[in-house]
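# Secondary and tertiary structure notes
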Amino acid sequence: MVTFLYENDLREMKLIILSSPLHEVTLKILCEKYGVRRQILRKKLMDLFDMSLLENIPARYEVWEKEQTETDQSIEHAFGASLITRQIPLLTEDEMNSIIQQTNDKISAGYDKIPAISEGMTMIREVLSS
């Protein structure tokens, strides 16, 4: 019987990709930004992405980082929305838009911006951990 490569369990190969020095640095940055443990983020990446996308995570992060400006004070910037929805798509656009909308609603209702952003980051962390 013939077995095809795509039928095999590729977790070991994905883990090898994610353990490269460039990936380790990028994962550390993402874990610190979103407050997620490295094992949880690795598992999420391995479950969601194919090996091609996994290999390009450091480059995708660098592209996003170069696009960022220091003067941007938006909620999207604080959450790194384009990073985790487009560059490294860990959340769907709908999930991120919902979190941004809830955060903006809290701020509009008179809630202080910093605690509202903190609660939004908690929502992002919950999605990443699920």
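Residues numbered from 1 in each chain as written. Predicted model: local features only at pLDDT ≥ 70, side-chain atom pairs only at ≥ 80, totals over all residues. Heavy atoms only, no water.

### Overview of the pattern of salt bridges
Summed over all chains, the structure comprises five salt bridges. Measuring nitrogen to oxygen at the nearest pair gives 2.8 Å for the salt bridge that ties aspartate 47 to lysine 43. Of this pair, aspartate 47 and lysine 43 both sit in helix 3 (residues 38-48), four residues apart, which is roughly one turn of that helix. Given a relative accessible area of 51%, lysine 43 falls into the exposed group. One salt bridge connects glutamate 119 with lysine 106, and the closest N-O pair in it is separated by 2.4 Å. With a gap of 13 residues between them, glutamate 119 in helix 9 (residues 113-129) and lysine 106 in helix 8 (residues 93-108) connect regions that are remote in the sequence. Residue classification places lysine 106 among the partly exposed positions, given a relative accessible area of 26%. (Salt bridge = Lys/Arg side-chain N within 4 Å of Asp/Glu carboxyl O. Helix = DSSP H or I, 4+ residues; strand = E, 2+ residues; numbered from the N terminus. Buried < 20%, exposed > 50% of the residue type's maximum accessible area, 1.4 Å probe, protein only.)

### Side note on the environment of lysine 44
Relative to the helices and strands, lysine 44 is located in helix 3. The exposure class of lysine 44 is buried, given its relative accessible area of 14%. The spatial distance from the C-alpha of lysine 44 to the C-alpha of asparagine 56 is 16 Å, given a sequence separation of twelve residues. Those residues in contact with lysine 44 that sit more than four places away from it in its chain are Leu90, Val127, Leu128 and Ser130. A polar contact is formed between the side chain of lysine 44 and the backbone oxygen of serine 130, at a distance of 3.5 Å. (Contact = heavy atoms within 4.5 Å. Polar contact = N/O pair within 3.5 Å; in protein donor to acceptor, adjacent residues only side chain to side chain.)

### Considerations on helix 2 (residues 21-34)
Between its first and last C-alpha atoms helix 2 spans 20 Å; for 14 residues at 1.5 Å apiece the expected length is 20 Å, and the two agree. The set of residues buried in helix 2 consists of His23, Thr26, Leu27, Leu30, Cys31 and Tyr34. The buried residues of helix 2 occupy an angular sector of 135 degrees when projected down its axis, which confines them to one face. In this structure, helix 2 carries Pro21 and Glu32 as exposed residues pointing more than 90 degrees from its buried face. (Expected span 1.5 Å × (residues − 1). Arc of directions from axis to C-beta.)

### Here we look at helix 1 (residues 11-18)
Lys14, Ile17 and Leu18 are the residues of helix 1 that are buried. One side of helix 1 holds all its buried residues, which, seen down the axis, span an arc of 95 degrees. For helix 1, the exposed residues lying more than 90 degrees away from the buried face are Glu12 and Ile16. Looking at the buried positions of helix 1, the neighbouring elements they touch are helix 2, helix 3, helix 4 (51-55) and helix 5 (57-67).

### Observations regarding the environment of leucine 48
Along the chain, leucine 48 falls in helix 3. Once the C-alpha coordinates of leucine 48 and proline 89 are considered, the two residues, 41 residues apart in sequence, prove to be 8.6 Å apart. Once you skip the residues sitting within four places of it in the chain, leucine 48 turns out to touch Pro89 and Leu90.

### A word on the side chain of arginine 42
If you trace the backbone, arginine 42 turns up in helix 3. We classify arginine 42 as buried; its relative accessible area is 18%. A polar side-chain atom of arginine 42 sits 2.4 Å from a polar atom in the side chain of glutamate 24. When residues no more than four places from it in sequence are discounted, the contact partners of arginine 42 are Leu15, Leu18, Glu24 and Leu27.

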